[in-house]
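Coordinate inspection notes
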Amino acid sequence: MIARNETIFKWALYAAATALCLLIQGGLLQRLEFWGVIPFLYPLLAAIPATFEGPLPGTIFSLCVGVVCDLLLPGPIPCLFTLIFPLIGLCAGLLSQSWLPAGFLCSLVSAAAAFLLTDSFRCLILWMQGKAAWQAGALVMVREFCAAVPFLVPLTLFYRSVYRKTHLDD
Amino acid sequence: MIGLKNFLKQHGLWVLFAAAVLSVAMAVMSVLSANSSPLVNLTGILVSPFRAGYTAVANWFNDLQNYYKDTTDLLAENAALRQQIAKNEETIREAEAAVAENELLHQLLDLTRKRRDLSNFEACMVTEHAVSNWTSSLTLNKGTSLDIQVGDCVIDACGNLVGVVSKAGTNWSTVLTLVDTDTSLGAQVFRTKELGVAQGDFSLMRENRLRLDYLPADCTLLPGDIVVTSGLIPPGWSSALWWNPRWTIPARPPTPF
């Protein structure tokens, strides 16, 4: 049983790490373009911490990341990330708990699932608005994933260091 | 699968409940607020200094880069522009008589101007360009404190329509540009006067192009034709802008709907 102070410290550290990533995304990555797309790290920020923390904490953390993303980013509906990111956190948490131990491979698979879920949902919304673009959407999804893959390694190392810092007894 | 079952048994309802409550709360706040919900507004206010900060740093780097650019191209361009200005001045001199005659005819026939003079401008700076690959948006450094409202049109320095304010906070506003998938407005081919509907299309968004639908079956578009807004402005838009010379028919126009 982790003491309450340790729990608060742990999630404060995760929040600070995520805030730093958001700052890098906003200040630097949004100005870059790889293969015609901006490196979009938000789904990774929901997925990677969940691979370390497991399904329940991961889902709740992803929900919080989703709310922050909805507040920051314009979107077709006001709660797009709030709906999708908990699902990403749950999938990533279950994946690391059942099949792949948390690490680079697990982050890679979680990231693929995260982009698949997020971008499929966006395509679904476009389709519901009568502006279906499945092919273009799939292409953007693949490009977004490829543009985000190089950032998987530093992000995984970053969140792993946070995890180790906050789980000294494990 | 057992892990998933256990998780859903133990916590599924709570997680679903939390997501549902937050989603509904955000949707309700978004619907109830005229410009942006209080939470979105607060977040925008908090991140505004960061946006301004990194924009300033990026601009500083750009200035440095521009400083070292070779001036040869600029000199050549300058010479070409001088020639162009001379030609334009000649055209203006010839057109002055026509303008005066047109003005006189307007007065005689009591005609109203097709293009309204725009007033009440607020100069803004773009603090953030597109933030995702699925929307085409800009963030500006002015907001409701300067009477900017959702639906206000945004134009560039040359008077071209850039987009429409979709969210407005106290000191920030988000603009969805013309090529965003939300766009749908009346358009007219300048040469043939044929009317259509210009719509944002996700597959064309990355190329900064719009789809022109509902054109007459016998339309005769040519590559290079200029398309202007027809004046059929969507509800909620605060003013009518008529020109956007950047819209041109691409080399292979899309099949009319």
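Residues numbered from 1 in each chain as written. Chains lettered and ligands numbered in written order. Predicted model: local features only at pLDDT ≥ 70, side-chain atom pairs only at ≥ 80, totals over all residues.

1. A few points about the nonpolar core
Among the nonpolar cores identified, the biggest contains 56 residues, and L44, A46, A47 and I88 of chain A are the most heavily contacted of them. Within the residue set of this core, elements represented by two or more residues are helix 1 (4-27), helix 2 (42-53), helix 3 (55-72), helix 4 (80-98), helix 5 (104-128), helix 6 (134-148) and helix 7 (152-166) of chain A together with helix 1 (2-32) of chain B. The element contributing the most residues to this core is helix 4 of chain A, with 11 residues. When near neighbours in sequence (up to four residues on either side) are disregarded, I88 of chain A contacts P43, A46, A47, S62, A113, A114 and L117 of chain A. Among the nonpolar cores identified, the runner-up in size contains 16 residues, and C123 and L126 of chain A together with L185 and F202 of chain B belong to it. (Core = buried A, V, L, I, M, F, W, Y, C linked by C-beta atoms within 7 Å. Buried ≥ 20, exposed ≤ 12 C-beta atoms within 10 Å, placed from the backbone. Helix = DSSP H or I, 4+ residues; strand = E, 2+ residues; numbered from the N terminus. Contact = placed C-beta atoms within 7 Å.)

2. Re the environment of E6 of chain A
All names here are of chain A. With respect to the helices and strands, E6 occurs in helix 1. The class for E6 is partly exposed, based on 14 C-beta atoms found within 10 Å. Along the primary structure E6 and H167 are separated by 161 residues, whereas in three dimensions their C-alpha atoms are 9.2 Å apart.

3. Points about the pairing of strand 6 (residues 184-189) of chain B
Residue and element names in this part refer to chain B. Alternating positions in strand 6 separate cleanly, L185, A187 and V189 being buried on one face and S184, G186 and Q188 remaining unburied on the opposite face. Alignment of strand 6 against strand 7 (residues 195-199), held across 5 bridges, turns out to be antiparallel. Each bridged residue has a counterpart across the sheet, and for A187 the counterpart in strand 7 is G196. Between strand 6 and strand 7, which pair antiparallel in sequence order, lie 5 residues; one of them, K193, sits at a positive phi of approximately 65°. (Pairing = 2+ DSSP bridges.)

4. Some points on the interface of chain A and chain B
Contacts between chain A and chain B engage 36 residues on the former and 37 residues on the latter. Residue assignment for the side of chain A that touches chain B shows that the elements contributing at least two residues are helix 1, helix 3, helix 4, helix 5 and helix 6 of chain A. Ranked by residue count, the leading element in the side of chain A that touches chain B is helix 3 of chain A, at 8 residues. Per-class residue counts for the side of chain A that touches chain B are 21 nonpolar, 10 polar and 5 charged. (Nonpolar A, V, L, I, M, F, W, Y, C, P; charged D, E, K, R; others polar.)

5. Topic: unusual backbone geometry
All names here are of chain B. The phi dihedral of D147 falls on the positive side, at around 65°, and the residue is not glycine. Structurally, D147 can be placed in the loop between strand 2 (137-140) and strand 3 (153-155). With phi around 55°, N208 is a residue other than glycine that occupies positive phi space. The residue N208 is located in the loop between helix 4 (202-205) and strand 8 (211-213) in this model.

6. Some points on the confidence of the model for chain A
Taken as a whole, chain A shows an average pLDDT of 89; of its residues, 98% reach a score of 70 or greater. Mean pLDDT across the elements of chain A ranges from a minimum in helix 1 of chain A, with 89, to a maximum in helix 2 of chain A, with 93. (pLDDT = per-residue confidence, 0-100.)

7. Concerning the sheet that holds strand 3 of chain B
All names here are of chain B. Here 5 strands make up an open sheet; going across it, the order is 1-2-5-4-3 and the pairing antiparallel. Each edge of the sheet is formed by a strand with only one pairing partner; in this case those strands are strand 1 (126-128) and strand 3. Averaged over all pairs of adjacent strands, the angle between their axes in this sheet comes to 45°, without regard to strand direction. Bridge count for strand 2 against strand 5 (residues 173-177) is 4 bridges, and the pairing is antiparallel. Looking at the pairing, L140 lines up with S173 of strand 5. (Axes fitted to C-alpha atoms, helices over the stretch in contact; angles between N-to-C directions.)

8. Considerations on helix 1 of chain A
All names here are of chain A. Given a rise of 1.5 Å per residue, 24 residues ought to cover 34 Å, and the 34 Å separating the end C-alpha atoms of helix 1 matches this to within 8%. Three or more residues of helix 1 are buried, namely Y14, T18, C21 and Q25. Where helix 1 is buried, its residues contact helix 2, helix 3 and helix 7. (Expected span 1.5 Å × (residues − 1).)

9. What to know about helix 7 of chain A
All names here are of chain A. The end-to-end C-alpha distance of helix 7 is 21 Å, a good match for the 21 Å that 15 residues give at a rise of 1.5 Å each. What helix 7 keeps buried is the set L152, L155, T156, Y159 and Y163. Down the axis of helix 7, the smallest arc covering the buried residues is 95°, so these residues share one side. Every exposed residue of helix 7 that faces more than 90 degrees away from the buried side is listed here: V153, P154, L157, S161, R164 and K165. Elements that come into contact with the buried residues of helix 7 comprise helix 1, helix 2, helix 5 and helix 6. (Arc of directions from axis to C-beta.)

10. With respect to the sheet that holds strand 7 of chain B
Residue and element names in this part refer to chain B. Taken together, 4 strands build an open sheet; the order of strands is 8-7-6-9 and the sheet is antiparallel. Of all strands in the sheet, those bounded by a partner on one side alone are strand 8 and strand 9 (227-229). Averaged over neighbouring strand pairs, the angle between their axes works out to 45° when direction is ignored.

11. Notes on the packing of helix 2 of chain A against helix 7 of chain A
Residues and elements named next belong to chain A. Two numbers describe how helix 2 lies on helix 7: the axes approach to 10 Å, and their chain directions differ by 45°. Relative to helix 7, the element helix 2 is oriented oblique. With respect to the hand of their crossing, helix 2 and helix 7 are arranged in right-handed fashion. Residue-level contacts link L44, I48, P49 and F52 of helix 2 to L152, L155, T156, Y159, R160 and Y163 of helix 7. By residue class, the composition of the contact of helix 2 with helix 7 is 8 nonpolar, 1 polar and 1 charged. (Parallel < 35°, antiparallel > 145°, perpendicular 65-115°, else oblique. Left-handed = near helix turned anticlockwise from the far one by under 90°.)

12. Quick look at the packing of helix 2 of chain A against helix 4 of chain A
The angle between the axes and the distance between the axes are what describe a pair of packed helices. Residue and element names in this part refer to chain A. Contact pair helix 2 / helix 4: the axes reach a minimum separation of 7 Å and the direction vectors enclose 35°. For the element pair helix 2 and helix 4, the recorded crossing hand is right-handed. Residues P43, A46, A47, A50, T51 and E53 of helix 2 pack against F85, I88, G89, A92, G93, L95 and S96 of helix 4. Partitioned by chemical class, the residues of the contact of helix 2 with helix 4 number 8 nonpolar, 4 polar and 1 charged.

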